[in-house]
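# Notes for the structure review
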Amino acid sequence: MAVYQGARPRTIGLPGRPRLFDGVAPALPRRRARAAVRARRNVAARPGLLLAVIVVAFMLAFFSLAQQVRVSATTYDIGRLQVERERLDAQLQELDSDLSRLGREPAVRKLALDAGLGELGEPVVLPAR
């Protein structure tokens, strides 16, 4: 076997383990793992931010729901008041019709007969003195 000057002996090692040269690990700086950056896993590194976003989303949803309930209740009140007004208008029209009908001569005569008053006979003519 040929030996070259400056050649190091070949060591068999497991992948991922640093090789020991003369009982000392190499002094090379370690590289940072950039897998999280490439895979964009930054959100998992900040659970507080994620939780804050979820809380704000739920608050906005509940605010929107409260506004819709308020609008629905207002619409219900408006509908109820419109029905009440229509009922009062119908009652006013009925009273106006009754007053118009009862103010005429045949209605007065009928009311008098119903009250027990009889019809007047022929008028009595008195002689002058």
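Residue positions are counted from 1 within each chain, in the order its sequence is given. Thresholds applied to this predicted model are a pLDDT of at least 70 for local features of residues and 80 or more for the giving and counting of side-chain atom pairs; totals over whole chains, interfaces and linings are not thresholded and use all residues. Side-chain figures throughout are based on the complete set of non-hydrogen atoms in the structure, without hydrogens or water.

### Digging into the overall build of the protein
Using the following cut-off: In this description a helix means any DSSP run of H or I spanning at least four residues, a strand means any run of E spanning at least two, and both kinds are numbered starting from the N terminus. Here the accessible surface of atoms and residues is derived via Shrake-Rupley with a 1.4 Å probe, and residues count as covered only by protein chains that are part of the display.
A tally of helices and strands in the protein yields four helices and zero strands. Element order for the protein, N to C, with α for helix and β for strand: α-α-α-α. Element-wise, carbon and sulfur atoms account for 61% of the exposed surface of the protein, whose accessible area totals about 13,600 Å².

### Some thoughts on the confidence of the model for the protein
Our working definition: pLDDT measures the predictor's confidence residue by residue and takes values from 0 up to 100.
Per-residue confidence for the protein averages 78 on the pLDDT scale, and 66% of its residues sit at or above 70. Considering each helix and strand of the protein separately, the mean pLDDT is smallest for helix 1 (residues 35–38), with a value of 54, and largest for helix 3 (residues 47–102), with 91.

### Some thoughts on the pattern of salt bridges
One side chain can pair with another of opposite charge once the charged atoms of both are near each other. What counts is decided by this rule: Put simply, a salt bridge is a Lys or Arg side-chain nitrogen that is within 4 Å of an Asp or Glu carboxyl oxygen. Only protein chains enter the calculation, and the probe is 1.4 Å; a residue is then buried if its accessible area is under 20% of its type maximum, exposed if over 50%, and partly exposed in between.
According to the stated counting rule, one finds three salt bridges in the structure shown. A salt bridge links E84 to R87, with the nearest nitrogen and oxygen atoms 2.6 Å apart. A residue pair is termed a helical-turn pair when its members lie 3 or 4 positions apart in one helix, as E84 and R87 do in helix 3 at three residues. Here R87 falls in the partly exposed class, since its relative accessible area comes to 46%. Measuring nitrogen to oxygen at the nearest pair gives 3.8 Å for the salt bridge that ties R85 to D89.

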